[in-house]
Amino acid sequence: MAGIKALVGLSFSGAIGLTFLLLGCALEQYGVYWPLFVLIFYILSPIPTFISRRLSDDTDSSSNACRELAYFLTTGIVVSSFGLPIVLARNNTIQWGACGLVMTGNAVIFLTILGFFVVFGGGDDFSWEQW
């Protein structure tokens, strides 16, 4: 039952993050949908970690190169998703208020993705590998 509550909480926080992103795009004073390109970063960010957890063995207690490369690529994707709204705002493509809403949505979504890996990444009976 604890896994179901965690899943519902993660779904709720993901919905809040997407709401901030859509508010940054769809409010009448902003009205530009360029910030929606951060959705690509949301999709790409967990992929290196999924691949490295499938390929690496957990018997070695020290870090391995595959997992470190996955962390590096994930960090690059996350930093890029925070950088895109700033670049768009500096070029006056979007307004700074929209940039703030998109960056708030980024923080909420990436904390939700981190929470997913914390809750379901333990490899116990209720893990994401069963899905």
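The protein chain appears in an unreviewed UniProt entry as Leptin receptor gene-related protein from Lates japonicus. Quoted verbatim from the Sequence similarities (unreviewed entry) field of the UniProt record, the comment on the protein chain reads "Belongs to the OB-RGRP/VPS55 family."

Novice: An account of the UniProt feature "transmembrane region" (unreviewed entry) in the protein chain is needed here, citing residue identities and associated values.
Specialist: When the UniProt feature table is mapped to this numbering, "transmembrane region" (unreviewed entry) covers residues 6-25, 32-51, 71-89 and 101-121. Taken as a whole, residues 6-25 contains 100% helix and 0% strand, while its terminal C-alpha atoms sit 29 Å from one another. Counting secondary structure, residues 32-51 comes out at 60% helix and 0% strand; the distance between its end C-alpha atoms is 35 Å.

Novice: How would you summarise the confidence of the model for the protein chain if you had to cite specific residues and measurements?
Specialist: The predicted structure's coordinates, where accompanied by low pLDDT, should not be read in detail. When pLDDT is averaged across the protein chain, the result is 87; 86% of the residues are at 70 or more. Across the protein chain, element-level confidence peaks in helix H2 (residues 38-44) with a mean pLDDT of 95 and bottoms out in helix H3 (residues 47-55) with 88.

Novice: Quick rundown of the side chain of Ser52? Include the residues and the values.
Specialist: With respect to the secondary-structure elements, Ser52 resides in helix H3. Those residues in contact with Ser52, other than ones at most four positions away along the chain, are Cys66, Arg67 and Ala70.

Novice: Let's hear about the packing of aromatic side chains: which residues, and what values?
Specialist: Enumeration over the complete set of coordinates arrives at 6 aromatic pairs. Note on Trp34 and Phe37: the rings are 5.6 Å apart at their centroids and 25 degrees apart in plane angle, and the pair reads as stacked. Looking at Trp34, the relative accessible area reads 47%, which means it is partly exposed. For Phe37, a relative accessible area of 41% translates into the label partly exposed. Between Phe50 and Phe117, the aromatic rings sit 5.3 Å apart at their centres with planes inclined by 55 degrees, giving tilted as the arrangement. Taken together, the positions of Phe50 in helix H3 and Phe117 in helix H5 (residues 96-120) put the pair 67 residues apart, joining distant regions of the chain. On the basis of relative accessible area, Phe117 is assigned to the buried category, the value being 12%. An aromatic cluster is present here, built from Phe50, Phe116, Phe117 and Phe120 joined pairwise through their rings.

What counts, and at which threshold
Residues numbered from 1 in each chain as written. Predicted model: local features only at pLDDT ≥ 70, side-chain atom pairs only at ≥ 80, totals over all residues. Heavy atoms only, no water. UniProt positions renumbered as here; feature names shortened; annotations may be inferred. Helix = DSSP H or I, 4+ residues; strand = E, 2+ residues; numbered from the N terminus. pLDDT = per-residue confidence, 0-100. Contact = heavy atoms within 4.5 Å. Phe/Tyr/Trp six-rings, centres within 6.5 Å; stacked < 30°, edge-to-face > 60°. Buried < 20%, exposed > 50% of the residue type's maximum accessible area, 1.4 Å probe, protein only.

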